[in-house]
Amino acid sequence: MKLLPVMLTLLASLFFGPEAHSRELVVAVSPYMEPEAAKKQAKDVLKFLTELEPGDKATILDGYHLSLIREWITPENPAYNSPKARLGLNRKVVSSLLGFASKATVPGGSGQPSITGALRLPQLLRHIARNFRTDSCMQDIVILGSPLYEDLDTPALSMTNERYPSDGHLIASPGITPYGTSGNSDGLWGFRIHIGYGSQGMTGTDRHDYFVQRFWTLFIEHQGGTLASFVED
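The text that follows walks through the structure, step by step, so that each part is easy to find. None of the values given here were measured: they were computed from a predicted structure.

## Notes on the packing of helix H5 (residues 121-131) against helix H6 (residues 206-221)
Part 1 of the reasoning: At their nearest, the axes of H5 and H6 sit 12 Å apart, and the two run at 25° to each other. Relative to H6, the element H5 is oriented roughly parallel. Remark: the crossing between H5 and H6 carries right-handed chirality. Within the contact between the two elements, H5 uses Leu 121, Pro 122, Leu 125 and Arg 126 and H6 uses Trp 216, Phe 219 and Ile 220.
Part 2 of the reasoning: Across the contact of H5 with H6, the residue classes tally to six nonpolar, no polar and one charged.

Now the structure itself:
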């Protein structure tokens, strides 16, 4: 799975420009990838982070275990305008992200998801909304991994084998179904979600891919957010 240059271009149009303001970005990556692909993706993420505007910050998360990897800062000091200077200042981010990539696991082992780029997308979005909301009127969340949710405890709720949830899940409580949004009508208000799923992140069946994208669009909109990007390399 490769980082998506198309999505990074779209993000640049949102972040960069003379009228851009400091923003706080959240980037989520998967621990379930081929190690070499994970290393390449980590380097591409770091390159993207060096191109953020002065004052911008980014929180990098493990999108499956919902744990913090590191926080990136882009100082407003002109001394840190070069990528080299920014990487030096954020050397702990570099070390942590590359270390995370080096421990990437090929999916399919005992007690592990079977999907390359596996994420726990419903839980991840709720986790970000609860813990990383800022005073900004709009925040961007970049999710790099598969949008196919796999529930190891209740396989019938998984999006594997060309399954996808019905719209009825959306009006249920999250305590009943992971896809529930009841009681969270504004949980993702102000968030723009960008999903880059890579060449192995979907089934390849046009019908299934369509309904998966449709469902996540509704899931996010039911909570006040926007699915701004949903792209493959």
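Having seen the structure, we can now continue with the description.
## Examining the pairing of strand E3 (residues 67-73)
Part 1 of the reasoning: Here strand E2 (residues 57-62) runs beside E3; their pairing, made up of six bridges, is antiparallel. Bridge pairing in E3 links Ile 60 to Arg 70.
Part 2 of the reasoning: Adjacent in sequence and paired antiparallel, E2 and E3 are bridged by four residues, among which Leu 66 carries a positive phi angle near 60°.

## Focus: the packing of helix H2 (residues 35-50) against helix H4 (residues 91-102)
Part 1 of the reasoning: Viewed as axis vectors pointing N to C, H2 and H4 meet at an angle of 155°, and their least axial separation amounts to 8 Å. Considering their axes alone, H2 and H4 lie roughly antiparallel with respect to each other. In this structure, H2 meets H4 at a crossing whose hand is right-handed. Contact residues: Pro 35, Ala 38, Lys 39, Ala 42, Lys 43, Val 45 and Leu 46 in H2; Val 93, Val 94, Leu 97, Leu 98 and Ala 101 in H4.
Part 2 of the reasoning: Class assignment for the residues of the contact of H2 with H4 results in ten nonpolar, no polar and two charged.

## Some remarks on the sheet that holds strand E6 (residues 226-231)
Part 1 of the reasoning: What the six strands build is an open sheet, ordered E3-E2-E1-E4-E5-E6; its pairing is mixed. Because the sheet does not close on itself, it has two edges, and the strands there are E3 and E6. Averaged over all neighbouring strand pairs, the angle between strand axes comes to 15°, with direction disregarded.
Part 2 of the reasoning: As judged from the six bridges shared by strand E1 (residues 24-29) and E2, these two strands associate in the parallel manner. Within E2, the residue paired with Glu 24 across the bridge is Lys 57.
Part 3 of the reasoning: Each of E1, E2 and E3 touches H4; the most contacted strand, E3, lies at about 145° to it.

Calculation rules
- Residues numbered from 1 in each chain as written.
- Predicted model: local features only at pLDDT ≥ 70, side-chain atom pairs only at ≥ 80, totals over all residues.
- Heavy atoms only, no water.
- Axes fitted to C-alpha atoms, helices over the stretch in contact; angles between N-to-C directions.
- Helix = DSSP H or I, 4+ residues; strand = E, 2+ residues; numbered from the N terminus.
- Parallel < 35°, antiparallel > 145°, perpendicular 65-115°, else oblique.
- Left-handed = near helix turned anticlockwise from the far one by under 90°.
- Contact = heavy atoms within 4.5 Å.
- Nonpolar A, V, L, I, M, F, W, Y, C, P; charged D, E, K, R; others polar.
- Pairing = 2+ DSSP bridges.

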